Protein chains: 4
Amino acid sequence: MTKNTENENNITTMKALVFHGMNSIALEDKPKPKIIQTTDAIVRITTTSICGTDLHILKGDVPTVADGRILGHEGVGIIEETGTDVLGFHKGDKVLISLITSCGRCIFCKKGIYSHCSNGGWLLGNSIDGTQAEYIRIPFADNGLYLLSPDTDDEAVVLLSCNLPTSLECGTLNGQVKPGDIIAIVGAGPVGLSVLLTAQLYSPSEIIMIDLDNNRLEVARSFGATQIVNSSDGKAVERVMALTKDAGVDVAIEAVGLSATFDICQSIISIGGHIANVGVHGKPVELHLESLWSSNITITTRLVDGSTTPMLLKMVQSGHIDAKRLISHRFELSEIMKAYKAFGNAAEEHTLKVAIKNTSTIV
Amino acid sequence: MTKNTENENNITTMKALVFHGMNSIALEDKPKPKIIQTTDAIVRITTTSICGTDLHILKGDVPTVADGRILGHEGVGIIEETGTDVLGFHKGDKVLISLITSCGRCIFCKKGIYSHCSNGGWLLGNSIDGTQAEYIRIPFADNGLYLLSPDTDDEAVVLLSCNLPTSLECGTLNGQVKPGDIIAIVGAGPVGLSVLLTAQLYSPSEIIMIDLDNNRLEVARSFGATQIVNSSDGKAVERVMALTKDAGVDVAIEAVGLSATFDICQSIISIGGHIANVGVHGKPVELHLESLWSSNITITTRLVDGSTTPMLLKMVQSGHIDAKRLISHRFELSEIMKAYKAFGNAAEEHTLKVAIKNTSTIV
Amino acid sequence: MTKNTENENNITTMKALVFHGMNSIALEDKPKPKIIQTTDAIVRITTTSICGTDLHILKGDVPTVADGRILGHEGVGIIEETGTDVLGFHKGDKVLISLITSCGRCIFCKKGIYSHCSNGGWLLGNSIDGTQAEYIRIPFADNGLYLLSPDTDDEAVVLLSCNLPTSLECGTLNGQVKPGDIIAIVGAGPVGLSVLLTAQLYSPSEIIMIDLDNNRLEVARSFGATQIVNSSDGKAVERVMALTKDAGVDVAIEAVGLSATFDICQSIISIGGHIANVGVHGKPVELHLESLWSSNITITTRLVDGSTTPMLLKMVQSGHIDAKRLISHRFELSEIMKAYKAFGNAAEEHTLKVAIKNTSTIV
Amino acid sequence: MTKNTENENNITTMKALVFHGMNSIALEDKPKPKIIQTTDAIVRITTTSICGTDLHILKGDVPTVADGRILGHEGVGIIEETGTDVLGFHKGDKVLISLITSCGRCIFCKKGIYSHCSNGGWLLGNSIDGTQAEYIRIPFADNGLYLLSPDTDDEAVVLLSCNLPTSLECGTLNGQVKPGDIIAIVGAGPVGLSVLLTAQLYSPSEIIMIDLDNNRLEVARSFGATQIVNSSDGKAVERVMALTKDAGVDVAIEAVGLSATFDICQSIISIGGHIANVGVHGKPVELHLESLWSSNITITTRLVDGSTTPMLLKMVQSGHIDAKRLISHRFELSEIMKAYKAFGNAAEEHTLKVAIKNTSTIV
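Residues numbered from 1 in each chain as written. Chains lettered and ligands numbered in written order. Predicted model: local features only at pLDDT ≥ 70, side-chain atom pairs only at ≥ 80, totals over all residues. Heavy atoms only, no water.

## Concerning the overall build of chain A
Move 1: Looking only at helices and strands, one finds 14 helices and 16 strands in chain A.
Move 2: Taking 363 residues into account, the globule formula puts the C-alpha radius of gyration at 21 Å, and chain A, at 21 Å, falls close to it.
Move 3: Dimensions of chain A, computed from C-alpha atoms along their principal axes, come out at roughly 75 × 45 × 40 Å.
Move 4: Here chain A holds 363 residues, and the buried ones make up 63% of them.
Move 5: Restricting the contact set of chain A to residue pairs at least 6 apart, pairs at least 24 apart contribute 68%.
Move 6: Accessible surface, chain A as shown: approximately 13400 Å² in total, 53% of it carbon and sulfur.
Move 7: Computed over 30 positive and 40 negative side-chain charges, the separation of the two mean positions in chain A equals 3 Å. (Helix = DSSP H or I, 4+ residues; strand = E, 2+ residues; numbered from the N terminus. Rg over C-alpha atoms; globule rule 2.2 N^0.38 Å. Buried < 20%, exposed > 50% of the residue type's maximum accessible area, 1.4 Å probe, protein only. Contact = heavy atoms within 4.5 Å. Areas by Shrake-Rupley, 256 points an atom, 1.4 Å probe, with all protein chains shown as cover. Lys, Arg positive; Asp, Glu negative; His and termini not counted. Charge placed at Lys NZ, Arg CZ, Asp CG, Glu CD.)

## Describing helix α6 (residues 163–173) of chain A
Move 1: The buried fraction of α6(A) amounts to ten of the eleven residues, a majority that puts the element mostly inside the structure.
Move 2: The inward-facing, buried residues of α6(A) contact α7 (190–199), β11 (249–254), β12 (269–277), α12 (309–317) and β16 (353–357) of chain A.

## Section: the interface of chain A and chain B
Move 1: In this complex, chain A contributes 35 residues to the contact, which on the side of chain B involves 35 residues.
Move 2: Summed over both sides, the interface between chain A and chain B buries roughly 2800 Å², with carbon and sulfur atoms accounting for 63% of that surface.
Move 3: If you sort the residues of chain A by the area they bury against chain B, Leu289(A), Trp293(A) and Thr301(A) come out on top, with a joint share of 24%.
Move 4: Our enumeration of links across chain A and chain B arrives at zero salt bridges.
Move 5: There are 19 residue pairs in polar contact (both at pLDDT 80 or more) connecting chain A and chain B.
Move 6: For the side of chain A that touches chain B, the secondary structure elements donating two or more residues are β12, β13 (285–287), α11 (289–292) and β14 (298–300) of chain A. (Buried area = accessible area lost by both parts, 1.4 Å probe. Salt bridge = Lys/Arg side-chain N within 4 Å of Asp/Glu carboxyl O. Polar contact = N/O pair within 3.5 Å; in protein donor to acceptor, adjacent residues only side chain to side chain.)

## Details of the relation of the copies chain B and chain D
Move 1: Once chain B is rotated about the relating axis by 180° and shifted along it by 0.0 Å, it coincides with chain D to within an RMSD of 0.0 Å. As the rotation angle and translation indicate, the two copies are arranged about a two-fold axis. Minimal C-alpha separation from the rotation axis in chain B is found for Gly104(B), amounting to 2.4 Å.
Move 2: Taken as a fraction of all interface residues of chain B, those also at the interface in chain D reach 100%, which identifies the copy contact as same-surface. (Least-squares fit on C-alpha atoms with pLDDT ≥ 70 in both.)

## What about the interface of chain B and chain D?
Move 1: The interface is formed by 13 residues belonging to chain B together with 13 residues belonging to chain D.
Move 2: Buried surface at the junction of chain B and chain D, summed over both partners, amounts to about 1300 Å²; 39% is from carbon and sulfur atoms.
Move 3: Among the residues of chain B in contact with chain D, Leu87(B), Arg105(B) and Lys110(B) are the three that bury the most area, contributing 44% of the side total.
Move 4: Our count for the chain B to chain D interface comes out at four salt bridges.
Move 5: The partner of Arg105(D) in a salt bridge is Asp142(B), with the nearest N and O atoms 2.7 Å apart.
Move 6: Linking chain B with chain D are five residue pairs in polar contact (both at pLDDT 80 or more), by the criterion used here.
Move 7: When the residues that make up the side of chain B that touches chain D are grouped by side-chain class, the tally is four nonpolar, five polar and four charged. (Nonpolar A, V, L, I, M, F, W, Y, C, P; charged D, E, K, R; others polar.)

## Details of the sheet that holds strand β14 (residues 298–300) of chain C
Move 1: Pairing is mixed in the open sheet, where twelve strands are placed in the order β10(C)-β9(C)-β8(C)-β11(C)-β12(C)-β14(C)-β16(D)-β14(D)-β13(D)-β10(D)-β11(D)-β12(D). For this open sheet the edge positions go to β10 (227–230) of chain C together with β12 (227–230) of chain D, each flanked by a neighbour on one side alone. For this sheet the average axis-to-axis angle between neighbouring strands, irrespective of direction, equals 15°.
Move 2: Together, β11 (206–211), β12 and β13 (249–254) of chain D form the strand contacts of helix α9 (residues 236–243) of chain D, whose direction differs from that of β12(D) by roughly 155°. (Pairing = 2+ DSSP bridges. Axes fitted to C-alpha atoms, helices over the stretch in contact; angles between N-to-C directions.)

## Focus on the environment of Leu124(C)
Move 1: Looking at where Leu124(C) falls in the secondary structure, it is placed in the loop between α3 (107–110) and β6 (135–138).
Move 2: Those residues within four positions of Leu124(C) in sequence are excluded, and the remaining contacts are Gly72(C), His73(C), Ile97(C), Ser98(C), Leu99(C), Thr101(C), Asp129(C), Gly130(C), Ile136(C), Arg137(C), Ile138(C) and Pro139(C).

## Let's talk about the packing of helix α6 (residues 163–173) of chain B against helix α12 (residues 309–317) of chain B
Residues and elements named next belong to chain B.
Move 1: For the pair α6 and α12, the least separation of the axes is 10 Å and the interaxial angle reads 110°. As judged from the angle between their axes, α6 and α12 are roughly perpendicular. Considering only the axes of α6 and α12, their crossing is right-handed. Within the contact between the two elements, α6 uses Leu-164, Pro-165 and Leu-168 and α12 uses Thr-309, Met-311 and Leu-312.
Move 2: Of the residues in the contact of α6 with α12, the class split is five nonpolar, one polar and no charged. (Parallel < 35°, antiparallel > 145°, perpendicular 65-115°, else oblique. Left-handed = near helix turned anticlockwise from the far one by under 90°.)

## Describing the relation of the copies chain A and chain B
Move 1: Overlay of chain A on chain B (RMSD 0.0 Å): rotation 180°, translation along the axis 0.0 Å.
Move 2: Mapped onto chain B, 100% of the interface residues of chain A are again interface residues, and the two copies thus contact each other with one and the same surface.

## Structural notes on the sheet that holds β11(A)
Move 1: Judged by pairing direction, the sheet is mixed, and its twelve strands sit side by side in the order β10(A)-β9(A)-β8(A)-β11(A)-β12(A)-β14(A)-β16(B)-β14(B)-β13(B)-β10(B)-β11(B)-β12(B) without closing on themselves. The outermost strands of the open sheet, each flanked by one partner alone, are β10 (227–230) of chain A together with β12 (227–230) of chain B. In this sheet, adjacent strand axes meet at a mean angle of 15° when their direction is disregarded.
Move 2: Sheet topology note: the strand β13 (residues 249–254) of chain B/strand β14 (residues 269–277) of chain B ladder contains five bridges and is parallel. Paired with Val251(B) across the strands is His274(B), a residue of β14(B).
Move 3: Running at roughly 170° to β12(B), helix α8 (residues 214–223) of chain B makes contact with β11 (206–211) and β12 of chain B of the sheet.

## As for unusual backbone geometry
Move 1: You will see that Ser203(A), though not glycine, has its phi angle at about 55°, which is positive.
Move 2: Within the fold, Ser203(A) resides in the loop between α7 and β9 (206–211).
Move 3: Owing to a relative accessible area of 4%, Ser203(A) belongs among the buried residues under this scheme.
Move 4: A positive phi is found at Phe140(B), a non-glycine position, where the angle reads about 45°.
Move 5: With respect to the secondary-structure elements, Phe140(B) resides in the loop between β8 (135–138) and α4 (141–144).
Move 6: Classification of Phe140(B) as buried rests on a relative accessible area of 13%.

## Some details on the packing of aromatic side chains
Move 1: Taken as a whole and assessed by the stated rule, the structure comprises zero aromatic pairs over all chains.
Move 2: Here Lys32(C) stacks its cationic end above the ring of Tyr135(C), 4.5 Å away from the centre of that ring. (Phe/Tyr/Trp six-rings, centres within 6.5 Å; stacked < 30°, edge-to-face > 60°. Lys NZ or Arg CZ within 6 Å of the ring centre and 35° of its normal.)

Now the structure itself:
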């Protein structure tokens, strides 16, 4: 009876994917979030996704994620409510959510290193509740949301929350890919494939994709790789050196996070080349300074800042990047446990990225 | 009698410091070099020096140096003769010799990576005869010499052959030192001290010098270091972090070439910082990507290209850099064996760099 | 009687320099400002100054300044009160006020072009009340104030509100001054002299100062100019070309705002050189593309963004810049009309910059 | 009889297009060129073209071109002979000729400003004989030629002598075109269309082409322009501002060389934007500093250096640029007078670029 009199504004619970310690997640009822700071916005999620980092959380690799946390840092939605100090957004606006929360005021924000914002950073689905839910609270909404036109296809842009800016910033831009370069991307997972998509904005003449999985290598070829190398026989370095007439590659992008893949990058980099690390590493790697000290190379690391999201939105809108082709599987929010399974068994199910739709709350 | 009829052009032998395998060098008579290519010049050396790399050669670490090679890659002198295709120099010109030979035509020269010139690179005192002699043949003379005014003090510029450009290019420039930066230099030897001199061209607000030798640290202080840290107690990292209020340094410059000193750099680098490797490494180092993957850092390596020598000459001439203060000991060419001893026992003799004068051939 | 019961917080009026149309200003009682937005702060001014732009306002050249406006955009003070959304400042903090108001959220702020902030820009003493008063309201306080240590000398930093960042950003940085450059600065007023101070952070080998006023040229020499040229005889170009052996200068910085001074820059710029315009121009200039089209030059314009203020604070603190030496005259706020007179008659009174102290409100 | 015994090496005359003062050119017999310097090469031309600059020469606008000069600075050919100091080329090599002669040794070459080489620059078809002939002597051959594979299609690369590097260096690179930019190109002639081709290497989201000629605008559309604007009604600025919602364009590229077209660029440039001048100007232009002084803009000029030719060759080979589509008309060298006519009446004959084949000397 009380239910009948409830309108949209009175809904107080919502569905959300909640973390409960290693390998334990569940779709549960949680209180709908509320404005806390005057700079907050509440967004009704329409589409979210699952990131490789979410799988790391499940494995217990990310100690900042507490029991009870709603996971997820990717999402498209509709503004439900804004704090009194939000200047750029209004109820009803369609928005893309950046994985990075940034205050726009601290020393790191002023340098564009939003990932290390003194008042933010990667918080969503980590130290505060995330996007795998019907609603989310976005702190510093003016700096964490991007306006979309009402007719934007959610799937065309949802990977601009994390996947595409990660690959562009940590891989393509840090690697300084430029026209005419020969580049190698080690790892053809969703991030490596996104590097492949974003690198093409700068017209390298050769893109060599290296992976253990032939299916993903074929996807890479269809996405624009000019050469594919299956590294399972341990001869990837040999083959890349042959392809480059022993000069090596101008840019090597590590998109896995292992010692073995970082080693490939070290072994194929040309004089004056750039190694851009994108992968999340759990252990130290050996750096061959005994040979590289004199090679005039540059090695970079980076946590995605999300600073390129506006540019990526233009690239999607102008047709330069088709991010949607990375989405291989689609689910309802109510099926999110199945989505996690499909994403977790990527090799078997040929999963790239999943789109998770929240249709239950459409009014 | 024959001697009386000899004029300058008929001298056919000269004194030179010759390498004869591990730990074996001697001052010997060698044939005076002649023009081979039309782009060559013959230079009469007036001042040369000894580089840390020469000591590595003595230890047998540089296999490209054959028995019988004249060592040395630093020098000031007077043009004795030029090939028919040398455009910019004439007999009698006072010149600085660059350690790097570059053709000015190959793909690397066009990128400014002269150190990896397809037709040159570091040849002098390595794969061809060097500067620790009365005369030297300089290939591609137009690209390997710099004109000096006749009244230039040899000692003011002789370290611009190698030491200063090495420190500037591999350290200061690769580290992207800029006004307001806090920088740390690990290693207060001649190269580290040169980093200290060249870094000041870009006005860092703090320069922390780290070394094991208190004497060199005091020299560093007198050269402009704002903080000195003796790392012999293993607490250098701790102290640098305290000095920087746990933020770490904007730029860490490795000027030693050991795992331990590279480790210091990794441990003190700030978010968004630059590690510039200058040291020559003999072994791999451990790179802590398990923490650095998300630190937005840049690591660079480089073999000196000598591309900054023209700028450094202006800096010496305008008084911005006093390179001469690095010269602690002076010798005649006839005393070069004593010079090697002084340079080899740097800690005991408080040697920084040596100047070796060739006065015997002044006509 | 009511007066006796008033404490600091109850003061409701203050002294302020108010604009009343062309050539009409007066020191008047005005209401003390109050917090309007949650991101505002109220600052009690301890030191302010007068800018050349204030004289333009007096002449009626700046139509955005309305009758009744409190002038001034330079200042040091103490935080009196903060809005609830101010994160980085608290009552009692000593602060430097940036001339630029920036929201930290808009497309321009994300590019670092704070001067064109969609919600800010140059507002103080222009479209909102300024610093020539006992108190001021600072919008977006987190982005418009810089924390100072309590013992900071006001005069050492007050010119970092406007003068120093203007000269550094529009002149030195836009001109890309680098070690070894020959640079010319046209105009030895407070801004040109500040270019002279900030350019030295990048170690140019020659700094040629050009002006009509011998007194200011002598000041320039004492500030580090290596050559001074009085242009009153119309032969400045001739002399600069002689000084540069007809090569011209690497960087020419226009710090006046007239066609004649821009012409000097065009005439002395070298192949590949940079012309950085700092001056405020009232009329078009003639650009000699008939000769410059093939000269590989770069011309820049800029409204100061204030983005370099943190770096400049470090440069003052580390002793690299002594901004205080630009202050030639000192006044109390009660004497501000005299200060305007001294600043307006700069040539006669040998005025560079004035410091105006507000001591009346010290509690 | 002697003729019968002549073989290829004995040919001593050749056909060449010779300039004889204003509006006077003729195809004549000239002596076949010979090696003069040891760094020279003789190239047998297989394909050449005509540049807009050649038309300027005909009008008498280029005083450095003397009576009797063979014109032309674009060409593909086969090495016939090399001087003893040429390192990188051999008889029989297929080569692309750069319009720029550079010594690789002078201060400008070391900065990459080959166009102002102290021993070179634009000499071919200007102060020495050019490419519109059967043979040409190329000074500093190692720096003025690029190796082509024997099966290279001449027409695919001949415009990389001048047209493509001009548009890339002076337009696209100087304008700093980047992904997501809105750019405008003023002038849809061969150079403007080449800017259009090269700009796409950097993925701008919008390319607005402005011209008076509807035919060329349609060509522009087929080459990738996203918007075309016919400026003949004087409303180009209005239309561009409407297309950009009054923000203006990020990059405006002037590819005509007139005051009116430079004015369009000034009027449509956004805050922080770049104006890249490519056009050859005969008169000064008015620069609106009274409004632009505060717009944070950059204006650049440049004479093509040819430094990007290696990159452009890769872009042609990898299919990123189809330079051949700029060739609208084809002629034999014997028909070169007709080729000049077609190129001179471009609007009427819908000429873009012409290819002129030298088939007479194939052996």
